[in-house]
Amino acid sequence: MVYLDNAATTPVHPTVVQVIQDALINDFGNPSSTYRIGKSVKHALIQARKQLAELLNVSETDVYFTSGATEANNWAIIAQANKSREFGEGHHIVTTAIEHPSVTNVTKYLETQGFDVTYIQPNEEGEITVQQFLEATTDKTIGWIAMAVNNEVGSILPVQELGEAAYEQKLWFHVDTVQALGHLELDYQALKCTSFVGSAHKFNGPKGIGFLVYRTYQEHNHLEPLLHGGGQEGKMRSGTENVPYILGMVKALELAKKDITSNFEKFEELQAYLLTSLDSIGISYEINGDQKNRVPYINNLWFNGNIASQMLIKMDLDGVYISAGSACSAGSLTESEILKAYYPNQSERWSQSLRISFGYQTTKADIDQFIHTLEKITKGKIDLWHSNK
Ligand code: PMP
């Protein structure tokens, strides 16, 4: 099996599996119970929050565990938008046209609730700039939202600079850091944002667990309880905590952070290898997204004349797992909204592009196998319906 879809999800690291298994077996108590086996789980939870805060260089009182980044994005954005409007600060939000659906569908929902939203389009170079955000900002603007790294094309957005500008403008600023966490060095303490989110399954942790970091350093941002009940997570998100997965997530981030530099160098090498291998066998491609500011671990390539959905089926038959655009959209193979935003006038590009994304376990042999299959496909050696496999 060749797995090159790590932006969709990652395999759980064996050490993380061990941590989760130990917790499931040995620490099954309810962290809210007052007897010893509950207290020891509570202690593990407190330590996990502390360690996550240390890994991110943020205050532990600002960390909320959630079921993932979709929940955390929904929670932070809706709470801030509603509170800002309640306080009469305005009803306009600026975000980008290349956000993940867990942001875009929230802002679309807010539009149905009377908010106005401006979606910044990438410029000619594929960049999203602070200037664009400033130009879109009016006296009705309450907050900005941007992702750190785009999940489909790997573009890096200037979130540090956006944070500085948002702070100056006295706006709340929410950042979706899902595709950066554990892979791209970012100073989360210096990042002047009111909130950011993470999802364990993007850095070799389990699915269904993530977090929100929420800082109330602007008067204008306010978090409201998401779930009412037993009062867990500082009365903000009730429900018995998923301690085994929380411990697994923190271990996964610890491991990812430890190797962040060496993995990044490896990803640069793999990226160069991928592109030179394509060049050497004469398969033409164009790189999608921001040409200058992009991460090496997400590569989105346009293979002109080849339909992505057909290529994916052939790849699947050969045991090569990649995706066309966002596989997070419930397995749908609709044209990519992100590529539409980047290339509004190149409709063929929307359905002829593949995303190849690396993880710590990716090898050059994986890339060789991908190239081998791609060569068979593009040079017509595999007939889709009469595959030799
Ligand atoms: N934001 C980005 C940029 C993502 O890539 C994803 C996952 N595809 C999410 C948010 C949602 O994360 P989760 O799967 O934890 O809900």
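We now turn to the structure provided with this report. Given the structure is predicted, the values throughout are model-derived calculations rather than measurements.

**Details of the packing of helix H1 (residues 14–26) against helix H7 (residues 243–258)**
Here comes step 1: At a minimum axis separation of 8 Å, H1 and H7 run at an interaxial angle of 155°. When the axis of H1 is compared with that of H7, the two are roughly antiparallel. Between H1 and H7 lies a crossing whose hand is right-handed. Across from Thr15, Val16, Val19, Ile20, Ala23 and Leu24 in H1, the residues of H7 making contact are Pro244, Tyr245, Leu247, Gly248, Lys251, Ala252 and Leu255.
Here comes step 2: Split into classes, the residues belonging to the contact of H1 with H7 amount to 10 nonpolar, 2 polar and 1 charged.

**Focus: the sheet that holds strand E10 (residues 298–302)**
Here comes step 1: Strand order across the open sheet formed by 3 strands is E9-E10-E12, with antiparallel pairing between neighbours. Edge strands, defined here as strands with exactly one partner in the open sheet, are strand E9 (286–287) and strand E12 (353–357).
Here comes step 2: The pairing of E9 with E10 spans 2 bridges and is classified as antiparallel. Note that in E10 the partner of glutamate 286 across the bridge is tryptophan 302.
Here comes step 3: Contacts from helix H8 (residues 260–280) reach E9, E10 and E12, with the element oriented near 20° to E10.

**Remarks on the packing of helix H2 (residues 36–56) against H7**
Here comes step 1: Here H2 crosses H7 at 30°, and the two axes come no closer than 10 Å. Comparing the axis directions of H2 and H7 gives the class roughly parallel. The interaxial crossing formed by H2 with H7 has left-handed handedness. Contacts between H2 and H7 pair Val41, Ala44, Leu45, Ala48, Gln51, Leu52, Leu55 and Leu56 from the former with Val243, Ile246, Leu247, Val250, Leu253, Glu254 and Lys257 from the latter.
Here comes step 2: The residue inventory of the contact of H2 with H7, partitioned by class, reads 12 nonpolar, 1 polar and 2 charged.

**Considering the pattern of salt bridges**
Here comes step 1: According to the stated counting rule, one finds 14 salt bridges in the structure shown.
Here comes step 2: One salt bridge connects glutamate 254 with lysine 251, and the closest N-O pair in it is separated by 3.4 Å. Of the two residues, glutamate 254 and lysine 251 both sit in helix H7, 3 residues apart, roughly one turn of that helix.
Here comes step 3: Looking at glutamate 254, the relative accessible area reads 27%, which means it is partly exposed.
Here comes step 4: Lysine 251 sits in the partly exposed class, given a relative accessible area of 23%.
Here comes step 5: One salt bridge in this structure joins arginine 349 and glutamate 286, with 3.1 Å as the shortest N-O distance. Taken as a pair, arginine 349 in helix H11 (residues 347–350) and glutamate 286 in strand E9 lie far apart in primary sequence, 63 residues in all.

**Brief notes about the pairing of strand E3 (residues 92–96)**
A regular strand places its side chains so that they alternate between the two faces of the sheet.
Here comes step 1: Within E3, 5 of the 5 residues are buried, which leaves the element mostly enclosed by the surrounding structure.
Here comes step 2: Alternating residues of E3 divide into His92, Val94 and Thr96 and Ile93 and Thr95, and every residue in both groups is buried.
Here comes step 3: Both E3 and strand E4 (residues 116–120) contribute to a ladder of 5 bridges, which runs parallel. Residue pairing across strands places isoleucine 93 opposite valine 117, the latter belonging to E4.

**Observations regarding helix H6 (residues 159–168)**
Here comes step 1: Those residues of H6 that sit buried are Val159, Leu162, Gly163, Ala165 and Ala166.
Here comes step 2: Turning to H6, the residues buried within the fold contact helix H5 (130–136), strand E5 (141–147) and strand E6 (172–176).
Here comes step 3: Positive backbone phi, at 60°, marks lysine 170, one or two positions downstream of H6.

**Considerations on unusual backbone geometry**
Across residues other than glycine, the phi torsion is negative in most instances, and most of the peptide bonds are trans.
Here comes step 1: Of note, lysine 170 is a non-glycine position whose phi angle comes to about 60°, a positive value.
Here comes step 2: A positive phi angle, close to 50°, is found at glutamate 233, a residue other than glycine.

**A word on a nonpolar patch on the surface**
Here comes step 1: A cluster of nonpolar side chains, Phe28, Tyr35 and Ile37, forms an exposed patch at the surface whose accessible area comes to about 360 Å².
Here comes step 2: Locating tyrosine 35 in the fold gives a position in the loop between H1 and H2.

Rules behind the numbers
- Residues numbered from 1 in each chain as written.
- Predicted model: local features only at pLDDT ≥ 70, side-chain atom pairs only at ≥ 80, totals over all residues.
- Heavy atoms only, no water.
- Axes fitted to C-alpha atoms, helices over the stretch in contact; angles between N-to-C directions.
- Helix = DSSP H or I, 4+ residues; strand = E, 2+ residues; numbered from the N terminus.
- Parallel < 35°, antiparallel > 145°, perpendicular 65-115°, else oblique.
- Left-handed = near helix turned anticlockwise from the far one by under 90°.
- Contact = heavy atoms within 4.5 Å.
- Nonpolar A, V, L, I, M, F, W, Y, C, P; charged D, E, K, R; others polar.
- Pairing = 2+ DSSP bridges.
- Salt bridge = Lys/Arg side-chain N within 4 Å of Asp/Glu carboxyl O.
- Buried < 20%, exposed > 50% of the residue type's maximum accessible area, 1.4 Å probe, protein only.
- Patch = residues over 30% accessible without salt bridge, like charges linked within 9 Å, V, L, I, M, F, W, Y side chains within 5 Å.
- Areas by Shrake-Rupley, 256 points an atom, 1.4 Å probe, with all protein chains shown as cover.

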